[in-house]
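Structural overview for review
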Amino acid sequence: MATPTLEKADEAGAPEPGFADSPYITVTFRIRRFNPEVSEEASWQDFQLEIDPKERVLDALHKIKWELDGSLTFRRSCAHGICGSDAMRINGRNRLACKTLIKDINPEKPITVEAIKGLTVMKDLVVDMEPFFQAYRDVMPFLITTGNEPTRERRQSAEDRERFDDTTKCILCAACTSSCPVFWNDGQYFGPAAIVNAHRFIFDSRDEGGEQRLEILNDKDGVWRCRTTFNCSEACPRGIEVTKAIQEVKRALITRRF
Ligand code: SF4
Ligand code: FES
């Protein structure tokens, strides 16, 4: 298949290609395509763009979709690292396309973009996130309390808030879970993201559902499946210490102190 090419930069005021100060370079994006209505097999397709390397991979995907091939399918919403919808494997590593600058991932070589692993690919870069969100729902990611509704806010010290500060940052992008070899081999494992979100409530001094959540994660598909490979911590675009959170949940299960 001929490589679709986009030669002209389209932003207003962009220098002409070839001009000495032009920031534009030619970059090849090698994208894993899959359309079950056309073929049962996935295949790689190259697209060449003239693009400013200070732009993001998400900008490149937009250019390809809007100007070269409207059938390219991917998720994105906020475009600013908040919604978690555009996690994908870029040059073999899970990243958010909206937070990945082209200049930072060696644009002299083809940049590979493919769907995250361990979840069923529905089309191109879009996977079925339902098993991921089911695991998230299973750990009851909400405050559980007993007794009468309080007449004032539930107070918490700064020290108690600090205990789960890191795990509040999760944006449910699935970069951690889909980088975990245990999850690749057995999609029944809850996965790092669900454990991170259980941690966020187990260690919240206002919550009273910690024992329930720990029992859920004590399951054969729970926290003991973790092999401490650190893939999850490396993949997390929010810098959450995912492996540490999993270790803390394991420790809480043994000591019943949290
Ligand atoms: S822990 Fe990090 S990588 Fe995992 S879902 Fe949350 S934000 Fe994404
Ligand atoms: S598009 Fe929302 S996090 Fe990237």
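**A look at the overall build of the protein**
For the protein, the helix and strand inventory stands at eight helices and eight strands. With respect to the principal axes defined by its C-alpha atoms, the protein has extents near 70 × 40 × 30 Å. In the protein, of all internal contacts separated by at least 6 residues, the share reaching a separation of at least 24 is 66%.

**Thoughts on the site of ligand 1**
Around ligand 1 lies a shell of 16 residues, among which Cys170, Cys173, Cys176, Ala193 and Cys236 are the nearest. At three residues, helix H5 (residues 192-202) tops the list of elements feeding residues into the shell around ligand 1. Broken down by class, the residue content of the shell around ligand 1 amounts to 14 nonpolar, one polar and one charged.

**Notes on the domain arrangement of the protein**
Partitioning the protein into domains gives domain 1 (5-127) and domain 2 (130-255). Put simply, the middle of domain 1 and the middle of domain 2, counted by C-alpha atoms, are 31 Å apart. In this complex, domain 1 contributes 13 residues to the contact, which on the side of domain 2 involves 15 residues. Take the side of domain 1 that touches domain 2: its biggest share by element is three residues, from strand S5 (residues 93-96).

**Some points on the nonpolar core**
Core analysis: the biggest nonpolar cluster contains 64 residues, and Phe29, Ile195 and Val249 have the highest contact counts within it. Taken domain by domain, this core gets at least three of its residues from each of domain 1 (5-127) and domain 2 (130-255). Apart from residues no more than four positions distant in its own chain, Phe29 is found in contact with Phe47, Leu49, Ala60, Ile64, Ile111 and Val113.

**Examining unusual backbone geometry**
Positive phi values are uncommon outside glycine, yet Asn91 reaches one of about 50 degrees. Within the secondary structure layout, Asn91 lies in the loop between strand S4 (87-90) and S5. Asn91 gets classed as partly exposed once you count the C-beta atoms within 10 Å, which come to 17. With a phi angle near 55 degrees, Met140 is a residue other than glycine that sits in the positive phi range.

**Things to note about the packing of H5 against helix H8 (residues 242-255)**
Interaxial distance between H5 and H8 falls to 9 Å at its minimum, and their mutual angle equals 60 degrees. The angle between the axes of H5 and H8 places the two elements in the oblique class. As for the relative orientation of H5 and H8, their crossing is left-handed in sense. Across the interface between the two elements, Pro192, Ile195, Val196, Ala198, His199 and Ile202 of H5 pack against Val242, Ala245, Ile246, Glu248, Val249 and Ala252 of H8. Here the residues of the contact of H5 with H8 are counted per class, giving ten nonpolar, one polar and one charged.

Thresholds applied
- Residues numbered from 1 in each chain as written.
- Chains lettered and ligands numbered in written order.
- Predicted model: local features only at pLDDT ≥ 70, side-chain atom pairs only at ≥ 80, totals over all residues.
- Helix = DSSP H or I, 4+ residues; strand = E, 2+ residues; numbered from the N terminus.
- Contact = placed C-beta atoms within 7 Å.
- Near = placed C-beta within 6 Å.
- Nonpolar A, V, L, I, M, F, W, Y, C, P; charged D, E, K, R; others polar.
- Domains from an automatic or database assignment.
- Core = buried A, V, L, I, M, F, W, Y, C linked by C-beta atoms within 7 Å.
- Buried ≥ 20, exposed ≤ 12 C-beta atoms within 10 Å, placed from the backbone.
- Axes fitted to C-alpha atoms, helices over the stretch in contact; angles between N-to-C directions.
- Parallel < 35°, antiparallel > 145°, perpendicular 65-115°, else oblique.
- Left-handed = near helix turned anticlockwise from the far one by under 90°.

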